[in-house]
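Topology and contacts: notes
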Amino acid sequence: MGNKLRFLVPLLVFGGLVLLFAKGLELDPRKVPSPLIDKPAPAFELPRLKQSDATLGIDDLKGQVTLLNVWASWCSGCRVEHPFLVKLARSGEIPIYGLNYKDEPADALNWLRRLGDPYTAVAVDRDGRVGIDWGVYGVPETFLIDRDGMIRYKQIGPLDEETWNSVIRPMVERLKAEAS
Amino acid sequence: MIRIPYLLLVGMLLLAGLTARAAIETYPFSSEENEQRYLHLVEELRCLVCQNQNLHDSNAELAQDLRRQVFEMIESGASDQQIVDFMVDRYGDFVLYRPPMRRSTWLLWFGPILLAVVGVVVLLRLIRRSNSGQAPEIPAEERERVKRLLEQGRD
């Protein structure tokens, strides 16, 4: 190695570190990749929020591309995304099912009455056991599930119009096209 | 008159004890061994909400639920490995404080050793080079001067 090139070595090392750190800054440590992507959605059978004598299970979701939104009335992020969910539901693009996570059913019903109900049906997971099966660690979370009941995508944190348009809608359209 | 603040302090400390107790639930383990396994597992598993705490230390709701899950699995006869697999299947390798050894984590495991080896090699080369160099020849006139100075000092 020439003598002059040797002085470039620290510079190159430094440059490499800068690139690594820049990349690291972009990553969000709160977003833990789910091992459930492209795996069958975990089975559940829970009472429905609005007709507590009936149940909602994973089989009710099969046969169509759906969203399963995990929410609770105590969760502030859920409040942020709620108007968008209502709008999305109204557009009829995709059925949205809810998993009401560790919530009081009365509070949940009240919330839907006040803020609008975007859900085709809501399952009540009072003690959070189904949440554990789904790897839920911070509400809101939203799962994209295909016709065969496979999880295709997981949105951690509030779902907004931008993420829907840029990430999820293209996947939904592809999944719908694939199956037909 | 010192009494009242003193009593107040004692009272507050007692109350603080109550809240601290509430944070750690006690489970009725069927055996000492099960309890030890439980304590070991909740130390090894990470809480996903407060990411720099393990299940044992965290007071997040999810950590409480996962502790209950670990307790129930132990009491129903699951092995440690089954419990760890259960958590990894749902939350990914992230729940493990000790990352597993596999190709994607080789750099993580061996990177520090690799860096240390590189450092030692560089250091050895530097040392060898500074030793191998001959001491520079001192010109005759300089030597004369040194001799003169030394002799002056002797007087």
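Presented here is a report on the structure given in the accompanying data block.

Observations concerning the interface of chain A and chain B
Each side of the interface is counted separately: chain A has 17 residues, and chain B has 18 residues. In total, chain A and chain B occlude about 1,500 Å² of area from one another, counting both sides; carbon and sulfur atoms represent 46% of this. Per-residue buried area on chain A facing chain B is highest for Arg129(A), Ile132(A) and Tyr137(A); these three make up 37% of the total on that side. Seen at the junction of chain A and chain B, the total is four salt bridges. Summed over the shared surface of chain A and chain B, the result is six residue pairs in polar contact (both at pLDDT 80 or more). When its residues are assigned to classes, the side of chain A that touches chain B shows nine nonpolar, two polar and six charged.

Brief notes about the sheet that holds strand 6 (residues 141-145) of chain A
Residue and element names in this part refer to chain A. One open sheet accounts for five strands, arranged 5-4-3-6-7; its pairing is mixed. A single partner strand is all that each edge strand has here, and the edge strands are strand 5 (121-125) and strand 7 (151-156). Averaged over all pairs of adjacent strands, the angle between strand axes in this sheet comes to 20 degrees, irrespective of strand direction. When strand 3 (residues 66-71) meets strand 6, the two strands line up antiparallel, connected through five bridges. The residue bridging Leu68 from the neighbouring strand is Phe143, located in strand 6.

Considering the pairing of strand 6 of chain A
All names here are of chain A. Most of strand 6 is tucked away: five of the five residues are buried. Of the two faces of strand 6, both are covered, the one formed by Glu141, Phe143 and Ile145 as well as the one formed by Thr142 and Leu144. Bridging between strand 6 and strand 7 involves five bridges; their strand directions are antiparallel. Note on strand 7: the bridge partner recorded for Phe143 is Lys154.

Reading the values: rules and limits
Residues numbered from 1 in each chain as written. Chains lettered and ligands numbered in written order. Predicted model: local features only at pLDDT ≥ 70, side-chain atom pairs only at ≥ 80, totals over all residues. Heavy atoms only, no water. Contact = heavy atoms within 4.5 Å. Buried area = accessible area lost by both parts, 1.4 Å probe. Salt bridge = Lys/Arg side-chain N within 4 Å of Asp/Glu carboxyl O. Polar contact = N/O pair within 3.5 Å; in protein donor to acceptor, adjacent residues only side chain to side chain. Nonpolar A, V, L, I, M, F, W, Y, C, P; charged D, E, K, R; others polar. Pairing = 2+ DSSP bridges. Helix = DSSP H or I, 4+ residues; strand = E, 2+ residues; numbered from the N terminus. Axes fitted to C-alpha atoms, helices over the stretch in contact; angles between N-to-C directions. Buried < 20%, exposed > 50% of the residue type's maximum accessible area, 1.4 Å probe, protein only.

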